[in-house]
Amino acid sequence: MLHAIISDIHGNLPALHAVLESLDRLGAERVVCLGDVVGYGAQPAECLRLIRERCASVILGNHDAAVADRTSIECFNSAARAAVLWTRRALSAEDIAWLAALPYEDSPGAYRTVHATPDDPAAWSYLMSDDHAEELFGFFSGPLLFYGHTHYPMLFEQSGSAVACLGAEDYTPREGVRCIINPGSVGQPRDGDPRASFGLLDDSSGRFTLQRVEYDIPAAQGAILDAGLPAVLAERLARGR
Ligand code: ZN
């Protein structure tokens, strides 16, 4: 079965539409979401509705938690904080209750999912290095963990005691290795490529491919500016940073 792994949609409806169209075209049968459906973008309610319709599994991201008042926004930068406060007003009480009930982790296939890191999912740490990945392999069992949060596609492979950061574009695991994979961000990529990012996993072969799709960036930017959200949140979409 082909699983689509999506993360960090952040209220960007044009990007989510483009990704859902693409994964349908590619034949994905199960859609799994790694959290941060809302925050930053101007269409959180529309994104939530689609995610609830389409995803077999959804876990809690830090922005979802902030909107649902399950985590402090003290460590958020001013634009992120403004977006959390705006998003609370843009969502219904029912939407917020749904976000508040999301789990930190799930196992929607022969793999585990977490938004940030498996050692302490509520600490919202950012996994960006081999050394950190090496530590985190000790905090889950099984061959594969998906995470999001950094908005940066990455793949760490553990073979014996060695951990290496490999390209996530097209990867098939060898016998006996374990992996931690980030499929990048749908709605706010930060790796310098502004296209929406997601992953496809063929659970029979274990092959993972990273998918990038163009979307209507000016439409997402216009919605952010029209909503009165900070302009920096619109500008960064064009840069993919
Ligand atoms: Zn995020």
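First, a word on what this report is: a plain description of the structure on this page. (Residues numbered from 1 in each chain as written. Predicted model: local features only at pLDDT ≥ 70, side-chain atom pairs only at ≥ 80, totals over all residues. Heavy atoms only, no water.)

1. Topic: the layout of surface pockets
A water-sized probe rolled over the atoms picks out the places where empty space is left.
Turning to step 1, where the next piece is worked out: Of the volumes computed, that of the largest pocket is approximately 260 Å³.
Turning to step 2, where the next piece is worked out: Lining of the largest pocket is provided by 16 residues; of these, Pro 143, Leu 144, Pro 173, Leu 201 and Gly 206 occupy positions nearest its centre.
Turning to step 3, where the next piece is worked out: A class-by-class count of the residues in the lining of the largest pocket yields 10 nonpolar, two polar and four charged.
Turning to step 4, where the next piece is worked out: There is about 200 Å³ of room inside the second largest pocket.
Turning to step 5, where the next piece is worked out: As for the second largest pocket, its lining consists of 15 residues, of which Tyr 40, Asn 62, His 63, Phe 76 and Tyr 126 are closest to the centre.
Turning to step 6, where the next piece is worked out: For the lining of the second largest pocket, the class distribution of residues is six nonpolar, six polar and three charged. (1 Å grid on protein atoms, 1.4 Å probe; cavity = no way out; pocket = protein on both sides within 12 Å on 5 of 7 lines; lining within 4 Å. Points joined across faces, edges and corners; volume = space filled by probe spheres on them. Nonpolar A, V, L, I, M, F, W, Y, C, P; charged D, E, K, R; others polar.)

2. A look at the coordination of the zinc ion
Turning to step 1, where the next piece is worked out: The protein atoms that coordinate the zinc ion are Asp 8 (OD), His 10 (NE2), Asp 36 (OD) and His 151 (NE2), at distances of 2.0 to 2.4 Å.
Turning to step 2, where the next piece is worked out: Around the zinc ion, the four donor atoms sit at angles spanning 88 to 178 degrees, and that spread fits a shape best called irregular.
Turning to step 3, where the next piece is worked out: Donor residues for the zinc ion, ordered by position in the chain, follow D-x1-H-x25-D-x114-H. Here His 151 lies in the loop between strand E6 (144–147) and strand E7 (154–159) and Asp 8 lies in the loop between strand E1 (2–6) and helix H1 (13–26), a separation of 143 residues in the sequence. Grouping residues by exposure puts Asp 8 and His 151 together as buried. (Donors = N, O, S within 2.8 Å, 3.2 Å for Na, K, Ca; no water. Tetrahedral: all angles 85-135°; square planar, octahedral: opposite > 155°, others 65-115°. Helix = DSSP H or I, 4+ residues; strand = E, 2+ residues; numbered from the N terminus. Buried < 20%, exposed > 50% of the residue type's maximum accessible area, 1.4 Å probe, protein only.)

3. Here's the deal with the sheet that holds strand E11 (residues 196–202)
Turning to step 1, where the next piece is worked out: The mixed open sheet is built from six strands, whose spatial order is E3-E2-E1-E11-E12-E9. The sheet is open, and its two borders are formed by strand E3 (55–58) and strand E9 (170–171), each paired with just one other strand.
Turning to step 2, where the next piece is worked out: Pairing of E1 with strand E2 (residues 30–33) involves four bridges; the strand directions are parallel. Considered in E2, the bridge of Ile 6 is made with Cys 33. (Pairing = 2+ DSSP bridges.)

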